[in-house]
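# Structural features, examined
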Amino acid sequence: MINARTVIRISLLLWVVPFSVVSAQLDEVSRLFDEGNELFREGNFEEARVRYEAVLALGYESGALYYNLGSTYYRLDRLGPAILNYLRAERLLPEDEEIAHSIEIVRTRTRDRFSEVPTPVWSRWWSAFTDLIGLKVLLWLGIVSWLAGSGLASYRLWSRDSSQRTRRAATMLCVVGVILGTASVATSYTRSISPRAVVVAERAALREGPADAERTVVSVHEGLVVDLIGSAGGWAHLRLPNGVTGYVQADAVATI
């Protein structure tokens with residue numbers, strides 16, 4: 001029969017063991033990251049890359065890690081993985097000027113120059129706005145606005161407040177809440193079904209269909225940023241900046 005003392009010991013063990021495992025893993029992550037930084041400063045870029053990739057393999061990521069890894073790939077003259085990791089760093093640190101500057105430097109060295117399909121002004125403004133504040137913040141603003149409007153409407157009914165000002169405020173808050181919430185969910189869904197990717201292969205043939213026998217539409221090169229429409233059977237379906245679509249081998253691209 002298990003007594004109370006045994007139960008307490010088992011409970012403590014269940015807490016202590018996971019904590020010790022996580023603590024040991026964090027120590028390993030710090031060690032690998034520091035070693036990577038030191039190797040980078042020494043000019044041993046390949047070994048630095050190995051250390052940074054090992055941190056990612058442990059399931060940890062950060063803007064600084066992706067930035068350092070991008071810089072390492074750039075020093076190794078691998079432009080595709082360099083811009084991929086810089087863009088991943090930008091995703092986590094969208095306002096970092098050093099990251100933006102590094103991205104522009106790499107792009108000046110990429111080979112492909114496709115004209116981009118014009119986007120409406122409102123779409124560019126909306127993308128800039130959502131990148132600035134984040135979709136989660138936008139969603140919470142919508143929820144708070146809707147709850148505030150609903151609460152105000154309930155108060156108006158309970159207190160029998162017949163003022164038009166209260167009615168208009170409640171209606172406006174509810175409408176704003178619905179608009180912000182719907183917009184954040186729709187934007188998130190749109191981005192999830194067509195994420196951005198980077199060509200990491202030195203050169204890849206964009207084909208009309210998912211087979212080597214299909215006609216080559218154009219050749220794309222490392223560092224080109226594209227939209228990933230989908231992937232299946234070892235092939236990735238891409239949309240180029242100029243709107244042209246086609247298929248490349250799945251290992252030729254990596255999702256940001």
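Residues numbered from 1 in each chain as written. Predicted model: local features only at pLDDT ≥ 70, side-chain atom pairs only at ≥ 80, totals over all residues. Heavy atoms only, no water.

This paragraph deals with helix α3 (residues 63-75). The end-to-end C-alpha distance of α3, which contains 13 residues, comes to 18 Å, matching closely the 18 Å that a straight helix rising 1.5 Å per residue would cover. Counting buried positions along α3 yields ten of 13 residues, so the element is predominantly enclosed. Turning to α3, its buried residues are G63, L65, Y66, Y67, N68, L69, G70, S71, T72 and Y73. Count one or two residues on from α3 and you reach D77, which has phi positive near 60°. (Helix = DSSP H or I, 4+ residues; strand = E, 2+ residues; numbered from the N terminus. Expected span 1.5 Å × (residues − 1). Buried < 20%, exposed > 50% of the residue type's maximum accessible area, 1.4 Å probe, protein only.)

We now examine the packing of helix α2 (residues 45-57) against α3. For any two helices packed against each other, one specifies the inter-axial angle together with the distance between the axes. As a packed pair, α2 and α3 sit with axes 9 Å apart at the nearest point and diverge in direction by 150°. The pairing of α2 with α3 is recorded here as roughly antiparallel in orientation. Classified by chirality, the crossing of α3 by α2 is left-handed. On α3, the residues that touch F45, A48, R49, Y52, E53, V55 and L56 of α2 are L65, Y66, N68, L69, T72, Y73 and R75. Here the contact of α2 with α3 is built from residues that sort into nine nonpolar, two polar and three charged. (Axes fitted to C-alpha atoms, helices over the stretch in contact; angles between N-to-C directions. Parallel < 35°, antiparallel > 145°, perpendicular 65-115°, else oblique. Left-handed = near helix turned anticlockwise from the far one by under 90°. Contact = heavy atoms within 4.5 Å. Nonpolar A, V, L, I, M, F, W, Y, C, P; charged D, E, K, R; others polar.)

Of note, the phi angle at D77 is positive, near 60°, even though the residue is not glycine. Residue classification places D77 among the partly exposed residues on the basis of a relative accessible area of 45%.

Once that is clear, we can look at the packing of aromatic side chains. Throughout the structure, instances matching the rule amount to three aromatic pairs. Taking 5.9 Å as the distance between ring centres and 55° as the angle between the ring planes, the aromatic pair formed by F33 and Y52 counts as tilted. On the criterion of sequence distance, the pair formed by F33 in helix α1 (residues 4-42) and Y52 in helix α2 is long-range, its members being 19 residues apart. Classification of Y52 as buried rests on a relative accessible area of 1%. With 5.2 Å between their ring centres and 65° between their planes, F40 and F45 make a pair best called edge-to-face. F40 sits in the partly exposed class, given a relative accessible area of 22%. (Phe/Tyr/Trp six-rings, centres within 6.5 Å; stacked < 30°, edge-to-face > 60°.)

A few words on the environment of V55. As for its position among the elements, V55 is in helix α2. Along the backbone, V55 and F33 are 22 residues apart, and their C-alpha atoms lie at a distance of 6.9 Å. Sequence-distant contacts of V55, defined by excluding residues within four places in its chain, comprise V29, L32, F33, Y60 and L65.

This brings us to the pattern of salt bridges. Here the structure, examined in full by the defined rule, presents eleven salt bridges. Between E35 and R31 there is a salt bridge, with the nearest N and O atoms lying 2.6 Å from each other. Of this pair, E35 and R31 both sit in helix α1, separated by four residues, roughly a single helical turn. On the basis of relative accessible area, E35 is assigned to the partly exposed category, the value being 27%. You can call R31 partly exposed: its relative accessible area is 36%. Counted as one network, the salt bridges with shared partners bring together E28, R31, E35, E47 and R51. (Salt bridge = Lys/Arg side-chain N within 4 Å of Asp/Glu carboxyl O.)

Our focus in this paragraph is the confidence of the model for the protein chain. Overall, the prediction assigns the protein chain a mean pLDDT of 86, with 85% of residues at 70 or greater. Within the model, pLDDT remains below 50 along residues 10-17, and this stretch shows one contact once partners closer than five positions in the same chain are excluded. (pLDDT = per-residue confidence, 0-100.)

In this section: a nonpolar patch on the surface. There is a patch of nonpolar side chains on the surface, built from L139, W140, I143, V144, W146, L147, V178 and V185 and spanning about 760 Å² of accessible area. Sorting elements by how many residues they give to the nonpolar patch places helix α7 (residues 135-159) first, with six residues. Residue L147 is classed as partly exposed on the basis of its relative accessible area of 49%. (Patch = residues over 30% accessible without salt bridge, like charges linked within 9 Å, V, L, I, M, F, W, Y side chains within 5 Å. Areas by Shrake-Rupley, 256 points an atom, 1.4 Å probe, with all protein chains shown as cover.)

Before going further, it helps to spend a moment on the side chain of N37. Among the secondary structure elements, N37 is positioned in helix α1. Under the relative-accessibility criterion, N37 is labelled buried at 16%. At 2.5 Å, the side chain of N37 and the side chain of Y52 are in polar contact. In this structure, N37 is in contact with Y52 and N68, ignoring residues within four places of it in sequence. (Polar contact = N/O pair within 3.5 Å; in protein donor to acceptor, adjacent residues only side chain to side chain.)

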